[in-house]
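# Architecture and fold: a report
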Amino acid sequence: MLIERAEGKWVADFVEVFGLCKIRRGEVVAILSESQSRPVLTELAELALIQMGARAFHVRMPTPRLESSIPVRSTGASQAIGELQPVVQLLAACDVVVDCTVEGLLHSPERADILSKGARIFMISNEHPEILERLKPSHALQEKCLAGAKLITGAEIMKITSDAGTNLTVNLNGTQGRGSAGIADKPGSFGYWPAGLCICFPRPDSVNGTLVLSPGDVNLTFKRYLDTPVTFHIENDYVVSIEGSGIDAELIRGYYRSWNQADAYAVSHVGWGMAPSARWDALAMYDKRDTNGTELRAFAGNFLFSTGANETAGRYTGCHFDYPMRNCTVFLDDHCVVDSGSLAKELL
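I will try to describe carefully the structure that is included in this document.

Definitions and limits used
Residues numbered from 1 in each chain as written. Predicted model: local features only at pLDDT ≥ 70, side-chain atom pairs only at ≥ 80, totals over all residues. Heavy atoms only, no water. Helix = DSSP H or I, 4+ residues; strand = E, 2+ residues; numbered from the N terminus. Rg over C-alpha atoms; globule rule 2.2 N^0.38 Å. Buried < 20%, exposed > 50% of the residue type's maximum accessible area, 1.4 Å probe, protein only. Contact = heavy atoms within 4.5 Å. Areas by Shrake-Rupley, 256 points an atom, 1.4 Å probe, with all protein chains shown as cover. 1 Å grid on protein atoms, 1.4 Å probe; cavity = no way out; pocket = protein on both sides within 12 Å on 5 of 7 lines; lining within 4 Å. Points joined across faces, edges and corners; volume = space filled by probe spheres on them. Nonpolar A, V, L, I, M, F, W, Y, C, P; charged D, E, K, R; others polar. Axes fitted to C-alpha atoms, helices over the stretch in contact; angles between N-to-C directions. Left-handed = near helix turned anticlockwise from the far one by under 90°. Pairing = 2+ DSSP bridges. Phe/Tyr/Trp six-rings, centres within 6.5 Å; stacked < 30°, edge-to-face > 60°.

It is worth spelling out the overall build of the protein at this point. A count of helices and strands for the protein gives eight helices and 20 strands. Relative to its length of 348 residues, the protein is compact, with a C-alpha radius of gyration of 19 Å against a globular reference of 20 Å. Its C-alpha atoms give the protein principal-axis dimensions of roughly 55 × 45 × 40 Å. Within the protein, the proportion of its 348 residues that are buried is 56%. Put simply, of all contacts in the protein between residues at least 6 apart along the chain, 74% involve residues at least 24 apart. In the form shown here, the protein has an accessible surface area of approximately 14,500 Å², with 50% of it arising from carbon and sulfur atoms.

If you want it as C-alpha cells, here you go:
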C-alpha cells in the first residue's frame, strides 16, 4: 500500500489540471466529498484551489447506508447526495464542483440538475495520487477525444469484432458521441481525471450480438484480469445469457444475479480508449485499495464495453461493470477507428 499524504508535487499537479479546467481567481468552487472519501484528494484539491485564489469550500455528506448486502464498486453513480434538493441547488449555484465522492457523479441522477445552470463538474476518481500524477489530461488529447466523439455522432452503426469471437453491432442513430480527456472548461461541462475516452450511451434497443471476454481482458468492478473466456449474448441491449465454465464466468453470473434487476444486465456505454500514457498492465502494480481502475478504461486501443446505468435510455442501477477489452476491431460504418487493439492513425 502506498502512503497517502499531501506531497508538494501533487498540489502542483492539481493546480495544473484545475488550470486546464479554467478555474480562475474568485470563482466559487465546492469540493464535494463524503465521509468515506479519500482524505488526501480533498486536501490536495483544497490546497490547490486556495493557491489559485478560488473561493473554495467543502460540502461533505455522510456516506449513505448500504441498501443491500451486495458490495458496490466503480459505478460512477454516487448516492452521497441522495437527491437532497438543497444540496443540489447549492452545487448548481457554484462555478465549479470538484467531485471527490467515492463513486463519482458520472451516472448519478443529480448530475443533470447540477449542470443545468452552468456549473461545471470535475470528477476526481478514487485513486491514489500517484496514478493521477501519471495520467494528467492535456489539450492535445482532448482534441483527439473530441474528434473521435464527432465520428461517433456522425455514424449510423458501430461494429465490434475480434478473433476471440466478438461480433457486436450498435445502432448509433440519434446517439451523441462523447469524448473527454478530463477537462471541464465550459459552463455545464463535465470532466473526470484520469480520462481519455470516446464513448456513447446507446438509445434503447440498439445493441445486439455476441461479446467474448478473453484472458487478459479486465473486469474492473472486481479489479481483476480475466483468466478464462466469458461470452455474453446480447439482445436489444440486454445480456440474455452468460457462457463460460471458469471462475470468471461464475463470479460475473453470481454478481449480476444478486441484484435481481433486469436493468443490471443492460448496456450502459460503449467506446474505446485514447490515452497514450494509460497502461493495460497498471492494475498489477497496485493494491486494490490504491486504485479505482479508471486508468484501464482509457488505455489506447481498448474497446470498452459497460453494463449498468444509461441515462440516455432512462436506466439507473447500482450494478455497473466496465470491461476494457484488448485486440478488438471497431468500425464506425465503413471507417475503422481501432484495428486489432491499435488506434487509427488519425486518432493517435
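Volume-wise, the largest pocket comes out at about 1,100 Å³. As for the largest pocket, its lining consists of 38 residues, of which L66, V72, R73, V102 and E103 are closest to the centre. Considered class by class, the residues forming the lining of the largest pocket number twelve nonpolar, 16 polar and ten charged. In this structure, the second largest pocket is lined by 22 residues; those nearest its centre are Q142, L146, G179, S180 and F190. Elements supplying a minimum of two residues to the lining of the second largest pocket: α6 (139-154), β7 (177-180), β8 (190-193) and β9 (197-200). Ranked by the residues each element gives to the lining of the second largest pocket, the list is headed by α6, at five residues. Along the lines of polarity and charge, the residues of the lining of the second largest pocket split into nine nonpolar, eight polar and five charged.

Before going further, it helps to examine unusual backbone geometry. Cis geometry marks the peptide bond from W193 to P194, where omega comes out at 0°. Structurally, P194 can be placed in the loop between β8 and β9. For N327, which is not glycine, the phi torsion reads 60° and is therefore positive. For N327, the location among the structural elements is in the loop between β17 (321-325) and β18 (328-332). Owing to a relative accessible area of 52%, N327 belongs among the exposed residues under this scheme. Even without being glycine, D333 reaches a positive phi, approximately 55°. Judged by its relative accessible area of 36%, D333 is partly exposed.

Attention shifts here to the packing of helix α1 (residues 8-20) against helix α2 (residues 39-52). Between α1 and α2, the least distance of the axes is 8 Å, while the angle of their chain directions is 65°. Between α1 and α2 lies a crossing whose hand is right-handed. Touching W10, V11, F14, V15, F18 and G19 of α1 are L41, L44, A45, L47, A48, L49, Q51 and M52, all from α2.

Strand order in the open sheet formed by five strands is β7-β9-β15-β16-β17, with antiparallel pairing between adjacent strands. Of all the strands in the sheet, the pair left with one neighbour each is β7 and β17. In this sheet, neighbouring strand axes are inclined to one another by 20° on average, regardless of whether the strands run parallel or antiparallel. Sheet topology places strand β16 (residues 303-307) next to β17; five bridges connect them, and they run antiparallel. When the bridges of β17 are listed, T307 appears paired with F321. Along the sheet, α6 contacts β7, β9 and β15 (267-273); its crossing angle with β7, the most-contacted strand, is approximately 175°.

Now for the packing of aromatic side chains. Aromatic rings in a pair are described by how distant their centres are and how their planes are angled relative to each other. Summed over all chains, the structure comprises 17 aromatic pairs. The interplanar angle of 65° and the centroid separation of 5.5 Å between the aromatic rings of Y225 and W280 together place this pair among those described as edge-to-face. Note that Y225 is positioned in strand β12 (residues 224-225) and W280 in the loop between β15 and α8 (294-298), a separation of 55 residues in sequence. Judged by relative accessible area, which is 21%, Y225 ranks as partly exposed. Aromatic pair Y255 and W259: ring centres 6.1 Å apart, planes at 70°, arrangement edge-to-face. You can see Y255 and its partner W259 sitting in helix α7 (residues 247-259), four residues apart, about one turn around the helix.

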